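Listed here are the chains, written in short residue letters.
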Amino acid sequence: MMKKMLMLCALAFLCCTGAARADEVETLLSGRTTTVWIEGEQLGDMMIGARALMEFIYVDAALSRIAVENGPDVPEWLTWHAKHFGTRETRKKALLIVRFEARKRWTFEPMHIRVNGRSLEESDILSKKEFIPTGELPAGSSGSFAICIPAAKLDDGKGRMQVRYGEYEASLTLPGKK
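Residues numbered from 1 in each chain as written. Predicted model: local features only at pLDDT ≥ 70, side-chain atom pairs only at ≥ 80, totals over all residues. Heavy atoms only, no water.

(A) Structural view of the side chain of His84. Relative to the elements of secondary structure, His84 occurs in the loop between helix H3 (76-82) and strand S5 (93-102). For His84, the residues in contact, after removing those within four places along its chain, are Thr90, Leu95, Leu126 and Ala146. (Helix = DSSP H or I, 4+ residues; strand = E, 2+ residues; numbered from the N terminus. Contact = heavy atoms within 4.5 Å.)

Now the structure itself:
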């Protein structure tokens with residue numbers, strides 16, 4: 001009887017720990033993500049008619065740590081791209097993950113991305129270029145890739161990061177800079 005009680009307590013502990021981990025992943029991601037809607041129109045809390053959406057995720061030590069632990073609540077794309085954090089390529093640079101989804105036919109060109117006024121350069125893209133769908137994309141296409149930006153260009157002096165794709169933009173208050 002005592003063994004059964006211990007097993008039940010251990011199982012309950014593991015379930016609670018898993019739920020806490022999922023909440024931690026969601027909290028870290030939501031505080032480090034900003035979304036750019038391409039050709040959308042805001043209607044209350046909804047975005048209608050958007051051609052595409054792009055998410056820019058700022059990867060810092062806290063998000064990288066959770067990604068490396070690679071639990072079942074960590075999205076595969078996060079684990080895959082966060083591995084660049086702390087590498088030689090990201091020394092004195094900030095790591096961002098760019099995720100995109102075409103809602104309608106959309107022409108995607110990574111070089112149209114700007115962070116705090118700095119245009120993305122070929123050398124900023126850390127992911128293999130062969131795995132990034134570009135050009136004319138059909139509706140439903142999606143992808144993700146990692147980029148690095150010089151750390152001096154990431155912060156606008158107010159603790160905010162401004163991202164643009166063409167004429168569409170969004171901003172993010174960087175964690176710890178509020």
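That shown, we press on.
(B) Quick peek at the packing of aromatic side chains. In this structure the tally under the stated criterion is seven aromatic pairs. Ring centres of Trp106 and Phe108 lie 5.0 Å apart, and the angle between their planes is 40 degrees; this geometry places the pair in the tilted category. Both residues of the pair, Trp106 and Phe108, count as buried. Each member of the aromatic cluster is reached from another via a ring pair, and the members are Phe100, Trp106, Phe108, Phe145 and Tyr165. Positioned above the aromatic ring of Trp80 is the side chain of Lys83, whose terminal nitrogen or guanidinium carbon lies 3.4 Å from the ring centre. (Phe/Tyr/Trp six-rings, centres within 6.5 Å; stacked < 30°, edge-to-face > 60°. Buried < 20%, exposed > 50% of the residue type's maximum accessible area, 1.4 Å probe, protein only. Lys NZ or Arg CZ within 6 Å of the ring centre and 35° of its normal.)

(C) Fine view of the sheet that holds strand S8 (residues 118-119). Reading across from one edge, S8-S7-S11-S12 is the order of the four strands in this open sheet, with antiparallel pairing throughout. Since the sheet does not close on itself, it has two edges, and those belong to S8 and strand S12 (168-173), each with one partner. Summarising the sheet, strand S11 (residues 160-165) and S12 pair through six bridges and their orientation is antiparallel. Bridged to Val163 within S12 is Ala170. (Pairing = 2+ DSSP bridges.)

(D) Representation of the environment of Ala139. Summarising the element assignment, Ala139 is placed in the loop between strand S9 (135-137) and strand S10 (142-150). Spatially, the C-alpha atoms of Ala139 and Arg51 are 8.5 Å apart, while their sequence positions differ by 88 residues. Apart from residues lying up to four places away in sequence, Ala139 is in contact with Ala102, Arg103, Lys104 and Arg105.

(E) Inspection of unusual backbone geometry at higher detail. We note that Glu39 has phi near 60 degrees; this positive angle belongs to a residue other than glycine. With phi around 50 degrees, Asn116 is a residue other than glycine that occupies positive phi space. Its relative accessible area of 21% is what places Asn116 among the partly exposed residues.

(F) The pattern of salt bridges, seen in detail. A full pass over the atoms with the stated rule returns 11 salt bridges. One salt bridge in this structure joins Arg65 and Glu24, with 3.2 Å as the shortest N-O distance. Within this pair, whereas Arg65 is found in helix H2 (residues 61-69), its partner Glu24 is found in helix H1 (residues 2-30), the two being separated by 41 residues in sequence. Of the residues examined, Arg65 reaches a relative accessible area of 39% and is grouped as partly exposed. Of the residues examined, Glu24 reaches a relative accessible area of 28% and is grouped as partly exposed. Notably, a salt bridge pairs Arg103 with Glu101, separated by 3.1 Å at the nearest N-O pair. Residue classification places Arg103 among the partly exposed positions, given a relative accessible area of 41%. (Salt bridge = Lys/Arg side-chain N within 4 Å of Asp/Glu carboxyl O.)

(G) Expanded view of H2. Buried within H2 are the following residues: Leu63, Ser64, Ile66 and Ala67. Taken down its axis, H2 places every buried residue within 165 degrees of arc, on the same side. Among the residues trailing H2, Asn70 stands out with phi positive, at a value near 50 degrees. (Arc of directions from axis to C-beta.)

(H) Up close: the sheet that holds S5. Spatial strand order, S1-S4-S5-S10: four strands in an open sheet with antiparallel pairing. The strands lining the two open edges of the sheet, one partner per strand, are strand S1 (33-38) and S10. In this sheet, neighbouring strand axes are inclined to one another by 20 degrees on average, regardless of whether the strands run parallel or antiparallel. (Axes fitted to C-alpha atoms, helices over the stretch in contact; angles between N-to-C directions.)

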